[in-house]
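Commentary on secondary and tertiary structure
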Amino acid sequence: MNTEDTDDSLYPIAVLLDELRADDVNFRLNAIRRLSTIALALGVQRTRDELIPFLDESIDDEDEVLLALAEELGNFVEYVGGKEYAHIILGPLENLATVEETLVREKAVESLNKVAAILSQQQIEECYIPLIKRLGSGEWFTNRTSACGLYAAGYQMATPASQDELRSMFKQLSLDDTPMVRRAAGANLGKFAKKIPKEQVISDIIPLFSKLAQDEQDSVRLLTVEDLVAIAEILTKEESKIYLLQTLRSMVSDKSWRVRYMIAENFVKIAKAVGDEVTREDLVLAFVNLLKDNEAEVRTAASGQVPGFAQYIDKQTILSHILPCVKDLVTDTSQYVRASLATQISGLAPILGKEATTEHLLPLFLQLLKDEYPDVRLNIISKLEQVNEVIGIELLSQNLLPAIVELAEDKQWRVRLAIIDYIPLLASQLGVTFFDEKLGNLCMSWLGDNVYSIREAATVNLKKLTEVFGVEWAKSTIIPKVLAMGSHPNYLYRMTTIFAITTMAPAVTPEVIRDHILPTVNTLVSDPIPNIRFNVAKSYEVLIPVLKQNPETGVLLETQVKPALDKLREDSDADVKYFAEKALLAGYQ
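Heads up: these notes are all about the structure in this document. Throughout, a residue's number is its position along its own chain's written sequence, starting from 1. For this predicted model, a pLDDT threshold of at least 70 governs which residues receive local features, and a threshold of 80 or more governs which side-chain atom pairs are given and counted, while totals over whole chains, interfaces and linings are taken from all residues. The side-chain quantities take in all heavy atoms of the structure and omit both hydrogens and water.

Per the convention used, a helix needs a DSSP run of H or I reaching at least four residues, while a strand needs a run of E reaching at least two, with both numbered from the N terminus. Note on placement: proline 130 falls in helix H8 (residues 121–136). A residue is classified by how much of its surface remains accessible, and proline 130, at 24% relative accessible area, is partly exposed. Residue contacts follow a heavy-atom distance rule, with two residues in contact if any of their heavy atoms lie within 4.5 Å. Excluding residues that lie within four positions of it along the chain, proline 130 makes contacts with Ile124 and Glu125. To sort residues, take the accessible area from a 1.4 Å probe on protein chains only and compare it with the maximum for the residue type: under 20% means buried, over 50% means exposed, and anything in between is partly exposed.

The structure is reproduced here in structure tokens:
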């Protein structure tokens, strides 16, 4: 018996060994992903004594297997016996943090941080800090880059003496000869700063930040932009002005466009962090320069920050400094700049108010609506609701409706689709009379579009319009036009009729279905096109619950709907039969 027990207890490890030695990488991956199950089978003692040492020696595999292992180990604390034994996992993760593949190292660092968060002070002092020292003094730059990502997690649990040592070690890595290590230090400086008391941020971290922000490699300098935001959030506005302003000024005019791009991308965060005074005195002109930058990528990023930054400055400054740049960007040579601006420009409307929006922004919207690049037109259409809230639908429709109508026939179907999505909102604001006069025929024309997505959106649009204007309006205005298409010689029009009827059915009354819709559906039961016949069966399935709502229309289920479905159930086409059966099951159970 004892021999059998031993065999059983060894079985999970034996299976793991077999699968980890398999030639097929998928077997090895599956074995790693089942580590938690194997650990449960082994129990915490054997997981600590056998499984972890085994994994510690197995760091020689395909990168994707190592990546999976690094991720699994981050969630392994409970399987080794909880917090008390969490430090045992650090060994294999340290090995993974030294491999060549960047993704594996990053995942190992992420898992090390996760484990460090639950370590006691003793474990931090005895296991975690020595691990950082080993990695930080490693011969290969890969070890040192991994070390940079580990300081923040263990810092606050360390003793004061160890904290001093950690800051000193991080300083050495920030001054490392290898750009990749300095880059890792720059990427983690902001996170580290947030764990350190303000006095030490000023005395130790800011000098490192200034040094990295002036690094000869632009790939290092660009990473310090987010550090700037993180440090500014720790300091008071006055301290930010004293310690960070000079560096910020040089970053805004950095010779590398990639650094300027990062500044532009984070401009609103920077303005928020440094406060009103610095924003007013220094950042307005800096922002103007970014909006006028030589590189399209920088202008694109800056365009995306326009309304966010405008919240931190007064209206007069926007009109005198920012708006002239925005006007230039509307005709920018780069379509990506114009597309980015089109997404954001409407955000200026609530800040400027009705009068300034009407005078300054409406002409720009009109220009963007006529842009040759479809994404620009699309972006401006999708954000018109913000403008509507500020200036009202009357002004918006007077100025922009002709352009919207023109876009409704745009050759790019995605632009037409965006207009359709915007129509119900427009309709609710315009009122029924204005809508019928200006947009009614347009909505019907989409039902005959040659792109299926447009026809489908048009049917949903009709349902929404019925909900806005009511069933009586639908009965007199759109239902007759939809039903008339049911006898069109082109089967696509007949198909659209069925789609429209099916989509609109829940929004109309049982009486409208009885008097107007059902006769057309019954006629199409005998259509020569199988696609139409099975969509008729689908339509019946939707109509049945609506007809059941009223006893007077409920009788039609037996006299008209069931005979029609019985006929379709005998159809020669398999799909027609299937959907007829489905409708009968749903409606007559």
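Further notes follow.
Attention now moves to the side chain of aspartate 227. Position of aspartate 227 relative to the elements: it lies in helix H15 (residues 224–234). Setting aside its immediate chain neighbours within four residues, aspartate 227 contacts Gly186, Leu189, Gly190 and Phe209.

Okay, the layout of surface pockets next. Considered as a void within the structure, the largest pocket measures approximately 530 Å³ in volume. Lining the largest pocket we find 20 residues, and of these Glu106, Val109, Thr145, Gly149 and Asn188 sit closest to its centre. Those elements giving two or more residues to the lining of the largest pocket turn out to be helix H7 (102–116), helix H9 (141–148), helix H10 (151–155) and helix H12 (179–193). Top contributing element to the lining of the largest pocket by residue count: H12, with seven residues. Charged means Asp, Glu, Lys or Arg here, nonpolar means Ala, Val, Leu, Ile, Met, Phe, Trp, Tyr, Cys or Pro, and polar covers whatever is left, Gly included. In terms of residue class, the lining of the largest pocket is made up of 10 nonpolar, six polar and four charged. Only protein atoms enter the 1 Å grid, on which a cavity is a set of points fitting a 1.4 Å probe that cannot get out and a pocket is an open set with protein on both sides within 12 Å along at least 5 of 7 lines, lining residues being those with an atom within 4 Å of a point. Grid points are joined across faces, edges and corners, and a volume is the space filled by probe spheres set on the points. The volume enclosed by the second largest pocket comes to roughly 250 Å³. Lining the second largest pocket are 15 residues, with Ala187, Gly190, Glu226, Asp227 and Ala230 sitting closest to its centre. Looking at the lining of the second largest pocket element by element, the count peaks at five residues for H15.

Take the packing of helix H23 (residues 335–344) against helix H25 (residues 374–382) next. Between H23 and H25, the least distance of the axes is 7 Å, while the angle of their chain directions is 5°. Viewed along their axes, H23 and H25 adopt a mutual orientation that is roughly parallel. On H25, the residues that touch Gln335, Arg338, Ala339, Ala342 and Thr343 of H23 are Val376, Asn379 and Ile380. Partitioned by chemical class, the residues of the contact of H23 with H25 number four nonpolar, three polar and one charged. All axes here are fitted lines through C-alpha atoms, helices being fitted over the stretch that makes contact, and every angle between N-to-C directions spans 0 to 180 degrees. For this classification, under 35 degrees means roughly parallel, over 145 means roughly antiparallel, 65 to 115 means roughly perpendicular, and everything else is oblique.

Our focus in this paragraph is a negative patch on the surface. Only residues whose relative accessible area exceeds 30% and that form no salt bridge enter a patch; like-charged residues are grouped when within 9 Å of one another, and nonpolar side chains (Val, Leu, Ile, Met, Phe, Trp, Tyr) when within 5 Å. Only the protein chains shown count as cover for residues, with accessible areas throughout obtained via the Shrake-Rupley method and a probe of 1.4 Å. Here, a salt bridge means any Lys or Arg side-chain nitrogen found within 4 Å of an Asp or Glu carboxyl oxygen. Just so you know, the count uses Lys and Arg for positive and Asp and Glu for negative, and it drops His and the chain ends. In plain terms, the charge of a residue is placed at NZ if it is Lys, CZ if Arg, CG if Asp and CD if Glu. Among the surface-exposed residues, Glu62, Asp63, Glu64 and Glu100 lie close enough to one another that they form a single negatively charged patch. If you trace the backbone, glutamate 100 turns up in the loop between helix H6 (90–96) and H7. We classify glutamate 100 as exposed; its relative accessible area is 72%.

In this description, an aromatic ring pair is defined by two values, namely the gap between the centres and the angle between the planes. Aromatic pairing here means that ring centres of Phe, Tyr or Trp (its six-membered ring) are within 6.5 Å. Orientation follows from the plane angle: under 30 degrees is stacked, over 60 is edge-to-face, and everything else is tilted. Counting across every chain of the model gives 12 aromatic pairs. Considering the side-chain rings of phenylalanine 534 and phenylalanine 579, the 5.2 Å spacing of their centres and the 25° angle between planes classify their relative orientation as stacked. Here phenylalanine 534, found in helix H36 (residues 530–548), pairs with phenylalanine 579, found in helix H39 (residues 574–587); they are 45 residues apart in sequence, far enough to count as distant. In terms of burial, phenylalanine 534 and phenylalanine 579 fall into one category: buried. Put simply, the rings of Tyr151, Phe170 and Phe192 touch in pairs and so form one group of aromatic residues. A cation over an aromatic ring shows up here: lysine 538 above the ring of phenylalanine 579, its NZ or CZ 4.8 Å from the ring centre. Charge over a ring is defined by NZ of Lys or CZ of Arg lying within 6 Å of the ring centre and within 35 degrees of the ring normal.

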